[in-house]
Amino acid sequence: MSRFLSKRYKSLEVYVPGEQPRDRQYIKLNTNESPYPPSPLVIERVNSAEVSDLRLYSDPECTSLRQRLAEFYGFSISNIFVSNGSDEILSFAFMAFCDGNKGIAFPDITYGFYPVYGDLYGIKCDIIPLNDDYNIDCSEYYGIGKNIVIANPNAPTGISIGQDEIEKMLETNPENIVIIDEAYVDFGGRSCVDMVKKYDNLLVVRTFSKSRSLAGARLGYAIANEEIIKDLNKIKYSTNPYNINRLSLVAGEAAVEDEQYFEDCCKKIIKTRGYTTEKLREIGFEVLPSDANFIFARHPLFSGEYFYKKLKEAGILVRYFNKERLYGFVRISIGTPAQMDALISEASKIVSEQK
Ligand SMILES: *Cc1c(COP(=O)(O)O)cnc(C)c1O
């Protein structure tokens, strides 16, 4: 830290992204990326003509991509906002709708970025513990009188909450924004985007990073009432109007267009998730019921950190969490069937070494 850093940020605890080591080739199951490449249509569209056009600024309104998303979800373009990764929307939303007086509530075990934004913007965070079975206690949020952010499915547990519970949060908090972060919803959860038509306090946040194989393009989007979208634009036009580069815009558009490829990839991941869960349970793992492209698992014979280290030695990366109630677990992203077979085989070895 230099002596110039503003006092405001001296004690800020930053978000720690999953490791991206370069020392050797790993089977990378630690950051929930897709094991499949983007749609061939993406590769076709991000071509030399588009690269030549990089001399020009990108469309600050992102009209073409927003139009595609609006058609895909059955909304008007005025209900769509796109951003440089969905992290940026979350950041904008915390900035736009929360402050020292207007707090925000979220679970103790959830996406690690929520408390960081809270801290960065000086927002009062109301952190509500998950149940003993790692479910979100939805009733805690009814009529809470604060903004709410929920990842659905939740991370790193993979567990979803129901439509009725979301609806009740919206109904009982009409003067507050309810942000539903659907980063993983395409892998078997149920989206609440249609509720945007009924509730003007719902902000649904989505990403191209996981189900559309575009983590490196940094592309996210939000669907909400027109007035909420205007508020997000207010923050965007006060920070970085050209927040999305030209290549990512065309990549995103092509990815939405190729519906079949998207659905096939999601189906493959869901199938591989079922297979992996079953195999890990057979060798004694407890695996939480996941609707995401990862599973959250623990074994009674060792800690998550121990399992992580043993897998890393074998060239497989997963993620463990140094946090109360999570010491036993690792989060394993779903890769290709071959990658998961390698994981299962290593896990079997590690389990049998304990006996
Ligand atoms: C991955 C993830 C994001 C961020 O995705 P980007 O679009 O890559 O910024 C947001 N929320 C949750 C819960 C995530 O897991």
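For every chain, the first residue of the written sequence is number 1, and numbering continues from 1 along that sequence. At least 70 in pLDDT is required for a residue's local features to be given in this predicted model, at least 80 for side-chain atom pairs to be given and counted, and no such filter applies to totals for whole chains, interfaces and linings, which use all residues. Side-chain measures were taken over the full set of non-hydrogen atoms in the model, leaving aside hydrogen atoms and water.

**Some points on helix H10 (residues 304–313)**
Now for step 1: Here H10 has its buried residues at Gly304, Phe307, Tyr308 and Leu311. Projected down its long axis, H10 shows its buried positions confined to an angular sector of 100 degrees, all on one face.
Now for step 2: Contacts are assigned to residue pairs with any non-hydrogen atoms lying within 4.5 Å of each other. In this description a helix means any DSSP run of H or I spanning at least four residues, a strand means any run of E spanning at least two, and both kinds are numbered starting from the N terminus. Contact partners of the buried residues in H10: strand S11 (316–317), strand S12 (319–320), strand S13 (329–333) and helix H11 (337–353).
Now for step 3: Phi for Gly315, located one or two positions after H10, is positive at around 85 degrees. When a residue's accessible area, from a 1.4 Å probe over protein chains only, is under 20% of the maximum for its type it is buried; when over 50% it is exposed; and in between it is partly exposed. Throughout, the arc means the angular range of directions from the helix axis out to the C-beta atoms.

**Thoughts on the sheet that holds strand S10 (residues 294–298)**
Now for step 1: Strands pair, by our definition, only if DSSP identifies at least two bridges between them. Strand order across the open sheet formed by four strands is S9-S10-S13-S12, with antiparallel pairing between neighbours. Strand pairing shows two members of the sheet lacking a second neighbour, strand S9 (286–287) and S12, which therefore form its edges.
Now for step 2: Bridge count between S12 and S13: two bridges; the pairing is antiparallel. Bridging across to S13, Arg319 finds its partner in Arg331.
Now for step 3: Lying on the sheet, helix H9 (residues 259–282) is in contact with S9, S10 and S13; it crosses S10 at an angle near 5 degrees. Axis lines are fitted to C-alpha atoms, over the contacting stretch for helices. Their N-to-C directions set the angle, which ranges from 0 to 180 degrees.

**Observations regarding the pairing of strand S3 (residues 104–107)**
Now for step 1: Of the two faces of S3, the one carrying Ile104 and Phe106 and the one carrying Ala105 and Pro107 are both buried.
Now for step 2: Two strands pair when backbone bridges link them, and S3 and strand S4 (residues 125–128) are joined in this way by four bridges, in the parallel orientation. In the strand pairing of S4, Ile104 is matched with Cys125.
Now for step 3: When the strands point away from the viewer, a crossover counts as right-handed if the route from the first strand across the helix to the second turns clockwise. Note that the unit made of S3, helix H5 (residues 113–120) and S4 has a crossover that is right-handed.
Now for step 4: When S3 meets strand S5 (residues 147–151), the two strands line up parallel, connected through two bridges. Pairing of Ala105 across the sheet is with Ile148, part of S5.

**Concerning the domain arrangement of the protein**
Where interface size is quoted, it is often the accessible area lost as the parts come together.
Now for step 1: Start and end positions for the domains come from either an automated domain assignment or a database one. Domain annotation for the protein reports domain 1 (7–37 + 260–354) and domain 2 (40–258).
Now for step 2: The C-alpha-based centres of domain 1 and domain 2 are spaced at 24 Å.
Now for step 3: In this complex, domain 1 contributes 33 residues to the contact, which on the side of domain 2 involves 34 residues.
Now for step 4: Two parts placed together each lose some accessible area under a 1.4 Å probe, and the buried area is that loss summed for both. Buried surface at the junction of domain 1 and domain 2, both sides included, amounts to about 2,700 Å², of which 63% is carbon and sulfur.
Now for step 5: Salt bridge, as used here: a side-chain nitrogen of Lys or Arg that lies within 4 Å of a carboxyl oxygen of Asp or Glu. Where domain 1 touches domain 2, the interface holds one salt bridge.
Now for step 6: Across the salt bridge formed by Asp108 and Arg325, the nearest N and O atoms sit 3.6 Å from each other.
Now for step 7: By the criterion applied in these results, polar contacts are pairs of N or O atoms within 3.5 Å in which, for protein atoms, one can donate a hydrogen and the other can accept it, and in which residues neighboring in sequence qualify only through two side-chain atoms. Counting the contacts that link domain 1 with domain 2 gives 13 residue pairs in polar contact (both at pLDDT 80 or more).
Now for step 8: Counting residues per element, the ones that place at least two in the side of domain 1 that touches domain 2 are H9, S10 and S13.
Now for step 9: The element contributing the most residues to the side of domain 1 that touches domain 2 is H9, with seven residues.

**Here's the deal with the site of the ligand**
Now for step 1: Inspection of the region around the ligand gives Gly85, Ser86, Asp87, Tyr111, Asp181, Ala183, Tyr184, Thr207, Ser209, Lys210 and Arg218 as its neighbouring residues.
Now for step 2: In this structure, Tyr184 approaches the ligand through a side-chain N or O atom, which is 2.5 Å from an oxygen atom.
Now for step 3: Between Arg218 and the ligand, the recorded distance is 2.8 Å, taken from a side-chain N or O atom to an oxygen atom.
Now for step 4: Side-chain classes follow a simple rule in which Ala, Val, Leu, Ile, Met, Phe, Trp, Tyr, Cys and Pro form the nonpolar group, Asp, Glu, Lys and Arg form the charged group, and the remainder, Gly included, forms the polar group. Among the residues forming the shell around the ligand, the class breakdown is three nonpolar, four polar and four charged. It suffices for a single heavy atom of a residue to lie within 4 Å of a molecule or strand for the residue to be listed as near it.

**Digging into the sheet that holds strand S2 (residues 80–83)**
Now for step 1: If you walk across this open sheet you meet the seven strands as S2-S8-S7-S6-S5-S3-S4, and the pairing is mixed. Unpaired on one side and paired on the other, S2 and S4 mark the two borders of the sheet. Here the average twist between neighbouring strands, direction ignored, is 20 degrees.
Now for step 2: Across four bridges, the pairing between strand S6 (residues 178–181) and strand S7 (residues 202–207) is parallel. Looking at S7, one finds that Val178 is bridged to Leu202.
Now for step 3: Packing of helix H4 (residues 86–97) onto the sheet brings it into contact with S2, S3, S5, S6, S7 and strand S8 (220–224), and relative to S7 it is tilted by some 155 degrees.

**Considerations on the environment of Asp186**
Now for step 1: Within the secondary structure, Asp186 sits in the loop between S6 and S7.
Now for step 2: In this structure, the C-alpha to C-alpha distance between Asp186 and Arg212, residues 26 residues apart in sequence, is 9.4 Å.
Now for step 3: In this view, Asp186 contacts Arg206, Ser211, Phe262, Cys266 and Ile270; residues no more than four positions away in its chain are not counted.
Now for step 4: Within the structure, the side chain of Asp186 is placed 3.5 Å from the side chain of Arg206, a separation counted as a polar contact.

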